[in-house]
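# Understanding the architecture of this molecule
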Amino acid sequence: MRVFPFIAATLFFAATTPASAALDLSRAQVEQLENGLTVIVLEERAAPVVSVHTAYRVGGRDDPAGRMGLAHFMEHMAFRQSKNFPGTRLVDSIYSVGGEWHGYTWIDQTNYFATVPKEYLDLLLRIESDRMARLVLADEDVNAETGAVIAEMNSYADDPSALLFDAVLASMFQVHPYRNNTIGYEADVKAIAHADVADFYARHYHPSNAAVAIVGDVDADAVIALAKKRFGKIRARAPATLPPASEPLRRGERRIVLKGGAADRQLFKIAYPAPPARSEDFAAFLVMQKLIGGGSGANFLQNEWGDAVESGARLDGIAEDLATWFIPTADPYVFTVSGSIAAADDTEKPEAAIQSALDALAAAPVTDEELYAARDAARRDLLFDIQTTEDAAHQLAFFDSIGALDRLPALDARLSEVSAADIRRVARAWLREDQRTVGWFMPGNEAAPEEQRFARLLPQAAPRIGKGAPQDATPAPIIAALANGVTAIVQVSPLSPTVSITVIAPGVFSGGGARENAPAPGYTSFNETGLSGELGPMAQRLVDALREAAPASTQPARNDPSARLSQLLDEAKSLGGSSIKSAHPIVIAVSGDIDPEETLGVLNDAFGAMPAAETPAAFMPPGEIESRVETVSGAKAQAALGYVVRAPGGDGADALAWRIALYILAHDYGGRLGAEAISRRGLLYYIGADYAADASTGWVTLSMDVDAEKLGAMRDLLKAELKKLVTTPPTAAEIDEAKRHLVGRRISAAQSNKEIADALAAEWLALGALREPDALKSALAGVSREDVVSILPAFTAGEILIVDVKTDPAQDAP
């Protein structure tokens, strides 16, 4: 990295911005192996990482009657063990090299993906090869996984929006298996036996039913050869028979009403039929969505569960929290409009207003001005679909799994060709009142008995189609001081034609998109993300946000266990910056497709005249932490359990020893606690483990959602594992793995421009500098096993926080 003072007129930067920064999917090479496996490879040299995404063409639509949720259950089993990766090594091997892995099941496919430093590509391919053909499906693992799946299911059971979504879809589709609830129902999940899992695996997990996408700093020809080596000997099987796509003729509107919502709100969800990704109407539908509300492209992960209606759109102002939802699918699916109104409001008014806006699209052509703006906005969204190698691998495998891979590279061109006549056609074909399904979730009695609860899962021979030059490697970040002394960090990133600015201010503030206590307690982060040409307005909006930010006030206690636990964890950390009354930047980080000199000029113009931030030394000292037990009212499926302990700040030897200890105890689904609680006992689904620090103080926190009846067992296990960390200290092998993980995460954790900007700003806050992976590796090498063992008494001396859903909190006192 290079450090410069800020002298706008005379700075010279060797680093330059690529002429066109983007992950170009048209350069991907696609080959089909003799056994039917589709292999997709895209070379991208910008960062020394590689992402692998495997998509199986099997999802909730394939669940057999009486075993709803089996595809999702199989996904869980596929993260357990295999012939060559016993125990928990299918996932721990990725953690151990600093990688990140994910998986999800959706209606059309089941997905497994990971990102690692590039030298570990073969590890990921060996894992995926074993997952495809050599899983070990043990009886005891099926039994343990049942508890974990039900715990995940219950994490959605208190969400009225999720319940309403499932009910609307079950009414929308009478025959098509898209009506299925992807995560399943408790009675069905409990009925899943070893034979069900083994049969499902044999029928659906094989080469001709899968696509493997590989994107990163690789040579495509070498990767294809390696893929043939790892997957080529797996036995070919006939593709699985897909469920029928038929659906009876709809003969009018359908309605459904649920009871039990919040006393002051009525939630609604209106679903219309929508075209699949291969349809000629797909691009026009994306533009239509922008016209009436908003959108976020064609990435299912990015879209999540709805895009907020934008100011000025045709649906704007009809109801609160109004959002639209449209995703790519294999068969015709749904387009939804969701929102809420006050409990006393008339339900007919939003329904009529929404339908009137849709009917207007079918009745008369949109203006050229509207059309061009919507097309440009839809094309702009596509740029945010693919910001990282993981995004690119996801999109390539996802679109292949729904039979639309050839449509993906051409989608931008199709959007630019959408006409006013196309908008009228799709509105008339898909958005008719007599084809809609209307669902309401209204105030009333609390949830039905457990077995009746609904839940859904979030977040489900080809020729070579191109080979071009990958982007150059990413240059080192530039560090400069603005006119007021504020540190500015500029990172040129050629992966995406976007830019992200992150500003960190000492103090705890709300408003203006502020993220309180991020990246560390006592600080607030502000962020803007957009296209590269928008850098100036983005910087000015952040200046305005800082000026308008007000000190955060104490919020009322939340009635949701998980949300209340987050409040308690923040309270335990004492919010050291609460005494600071005005928001001023202490560090600003920018990442994107930018010119460094111009960027520093923009930052200096925008922020250079602002007063310097108060120093962290002015913070109030943290108070004492106390164990705490609370209860929340109402029928809740899950309680929450947390742990908090003060840790060293900065990134010295002590802080590194604490980070090593945290990794060994818990990391997402792994570590000693994760292996015992999730893999062996099925007590819960996920463990949030975090280390947040500035230069002087850090905090270690654990947070987990737990089924109420398992709360006592999970609390006891947490206590036991903390004690065991001292009585059975980490082995040299555990410590070495933790060190590899920390170095690997420094390489592969941040890829999108927002992730990069956030990471650079947080690292500067903690260290007062940026440390390259080799420097981190060297620092970790200086941390001995004795150093780690010496901090364990303090590490395990924190406090347990409980948010229960029982009537008597005393029975769960720590």
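Look a little higher up for the structure.
Residues numbered from 1 in each chain as written. Predicted model: local features only at pLDDT ≥ 70, side-chain atom pairs only at ≥ 80, totals over all residues. Heavy atoms only, no water.

## Here's the deal with the overall build of the protein
Assigned secondary structure in the protein consists of 25 helices and 26 strands. Its C-alpha atoms give the protein principal-axis dimensions of about 70 × 65 × 65 Å. Here the protein displays about 30,000 Å² of accessible surface, and carbon together with sulfur accounts for 52% of that area. Of note, the protein has its 75 positive side-chain charges centred 4 Å away from the centre of its 108 negative side-chain charges. (Helix = DSSP H or I, 4+ residues; strand = E, 2+ residues; numbered from the N terminus. Areas by Shrake-Rupley, 256 points an atom, 1.4 Å probe, with all protein chains shown as cover. Lys, Arg positive; Asp, Glu negative; His and termini not counted. Charge placed at Lys NZ, Arg CZ, Asp CG, Glu CD.)

## Let's talk about unusual backbone geometry
Along the chain, alanine 518 connects to proline 519 via a cis peptide bond; the corresponding omega equals 10°. Despite not being glycine, asparagine 517 shows a phi value in the positive range, around 55°. In this structure, aspartate 668 is a non-glycine residue whose phi angle is positive, near 60°. Its place among the elements puts aspartate 668 in the loop between helix H19 (653–665) and helix H20 (671–680).

## Quick look at helix H23 (residues 753–767)
In a regular helix each residue adds 1.5 Å, so 15 residues correspond to 21 Å; H23 covers 21 Å between its end C-alpha atoms and thus fits that length. Those residues of H23 not exposed but buried are Asn753, Ile756, Ala757, Asp758, Leu760, Ala761, Glu763, Trp764, Leu765 and Ala766. Looking one or two places after H23, you find glycine 768, whose phi comes out positive at around 70°. (Expected span 1.5 Å × (residues − 1). Buried < 20%, exposed > 50% of the residue type's maximum accessible area, 1.4 Å probe, protein only.)

## Thoughts on the packing of helix H2 (residues 89–96) against helix H3 (residues 121–133)
Working note: a packed helix pair is described by the angle between its axes plus the distance between those axes. Interhelical geometry of H2 versus H3 gives an angle of 170° and a closest axis separation of 11 Å. Here H2 lies roughly antiparallel to H3, going by the angle between them. Residue-level contacts link Leu90, Ser93 and Ile94 of H2 to Leu123, Leu124 and Ile127 of H3. (Axes fitted to C-alpha atoms, helices over the stretch in contact; angles between N-to-C directions. Parallel < 35°, antiparallel > 145°, perpendicular 65-115°, else oblique. Contact = heavy atoms within 4.5 Å.)

## Some thoughts on the sheet that holds strand S25 (residues 697–707)
Taking strand neighbours across the sheet as the criterion, the five strands line up as S22-S26-S23-S25-S24 in an open arrangement whose pairing is mixed. Each having just a single partner strand, strand S22 (628–631) and strand S24 (688–693) make up the two edges of the open sheet. Between one strand axis and the next, the sheet turns through 15° on average, direction left out of account. With eleven bridges connecting them, strand S23 (residues 638–648) and S25 associate as antiparallel partners. Directly across from valine 644, in S25, lies its bridge partner threonine 701. Running over the sheet, helix H17 (residues 561–572) touches S22, S23, S25 and strand S26 (799–804) and is turned about 20° from S23. (Pairing = 2+ DSSP bridges.)

## Notes on the side chain of glutamine 751
Here glutamine 751 is to be found in the loop between helix H22 (732–748) and H23. If we skip the residues at most four places from it in the chain, glutamine 751 touches Val49, Ser51, Thr115, Gln387, Thr388, Thr389, Glu390, Leu495 and Ile756.

## Focus on the nonpolar core
With 102 residues, the main nonpolar core has Met74, Ile214, Leu673, Leu702, Met704 and Met714 as its most contacted residues. Ranked by residue count, the leading element in this core is H19, at ten residues. If near-sequence neighbours (up to four positions away) are discounted, methionine 714 is found in contact with Leu641, Leu673, Ala677, Leu683, Leu684, Met704 and Val706. If you look at the next biggest cluster of nonpolar residues, it comprises 89 residues, including Ala298, Ile341, Ala404 and Val418. (Core = buried A, V, L, I, M, F, W, Y, C linked by side-chain atoms within 4.5 Å.)

## Describing helix H1 (residues 70–77)
Along an α-helix, a turn takes 3.6 residues, which lines up residues three or four apart on a common side. Counted residue by residue, H1 has eight buried out of eight residues, so it is predominantly covered. Taken together, the buried positions of H1 are occupied by Leu70, Ala71, His72, Phe73, Met74, Glu75, His76 and Met77. As for H1, its buried residues are in contact with strand S5 (100–105), strand S6 (110–117), helix H4 (139–156), helix H6 (186–191) and helix H7 (194–204).

## Brief notes about the environment of arginine 45
Within the element layout of this structure, arginine 45 appears in the loop between strand S3 (38–43) and strand S4 (49–56). Classification of arginine 45 by relative accessible area gives partly exposed; the value is 27%. For the pair arginine 45 and valine 215, spaced 170 residues apart in sequence, the C-alpha to C-alpha distance is 9.5 Å. Polar side-chain contacts of arginine 45 include one of 2.9 Å to the backbone oxygen of valine 218. (Polar contact = N/O pair within 3.5 Å; in protein donor to acceptor, adjacent residues only side chain to side chain.)

## Focus on the sheet that holds strand S7 (residues 210–216)
Sheet architecture is open: six strands sit in the order S2-S3-S7-S4-S6-S5, paired in mixed fashion. Both outer strands of the open sheet, strand S2 (29–32) and S5, are each paired with one neighbouring strand and no more. Each strand of the sheet is rotated relative to its neighbour by a mean of 15°, with strand direction disregarded. Here S4 pairs with S6 via eight bridges, running antiparallel. Residue pairing for S6: threonine 54 is matched across the bridge by tyrosine 112. Relative to the sheet, H1 contacts S5 and S6, its axis offset from that of S5 by approximately 160°.

## Observations concerning the environment of alanine 583
Structurally, the position occupied by alanine 583 is in the loop between H17 and strand S21 (587–592). Placed 74 residues apart in sequence, alanine 583 and phenylalanine 509 show a C-alpha to C-alpha distance of 7.4 Å. The contacts of alanine 583, once residues within four sequence positions are left out, are Ala505, Phe509, Leu546, Ala549 and Met610.

## Observations concerning the packing of H1 against H7
Relative orientation of the contacting elements H1 and H7 amounts to 90°, with a least axis distance of 10 Å. What the angle tells us is that H1 and H7 run roughly perpendicular. Side by side, H1 and H7 meet where Leu70, Ala71, Phe73, Met74 and Met77 of the first sit next to Asp196, Val197, Phe200 and Tyr201 of the second.

## Some remarks on the environment of aspartate 668
The partly exposed category is assigned to aspartate 668, whose relative accessible area is 27%. Taking the C-alpha atoms as reference points, aspartate 668 and tyrosine 685, separated by 17 residues in sequence, lie 9.2 Å from one another. Not counting residues up to four positions away in its chain, the partners in contact with aspartate 668 are Tyr95, Ile678, Tyr686 and Ile687. Polar side-chain contacts of aspartate 668 include one of 3.0 Å to the side chain of tyrosine 686.

## Concerning the packing of aromatic side chains
Aromatic rings considered in pairs are described by the distance between their centres and by the relative angle of their planes. Inspection of the entire model under this criterion finds 27 aromatic pairs. With 5.9 Å between their ring centres and 85° between their planes, phenylalanine 173 and tyrosine 178 make a pair best called edge-to-face. As far as the burial class goes, phenylalanine 173 and tyrosine 178 line up, both buried. Consider the rings of phenylalanine 268 and tryptophan 440, whose centres lie 5.2 Å apart with planes at 50°: the pair is tilted. Here phenylalanine 268, found in strand S9 (residues 265–274), pairs with tryptophan 440, found in strand S13 (residues 437–443); they are 172 residues apart in sequence, far enough to count as distant. One aromatic cluster in this structure is built from Tyr104, Trp106, Phe113, Phe165, Phe173, Tyr178, Phe300, Trp325, Tyr333, Phe398 and Phe399. Between the NZ or CZ atom of arginine 659 and the centre of the ring of tyrosine 691, over which it lies, the distance is 4.1 Å. (Phe/Tyr/Trp six-rings, centres within 6.5 Å; stacked < 30°, edge-to-face > 60°. Lys NZ or Arg CZ within 6 Å of the ring centre and 35° of its normal.)

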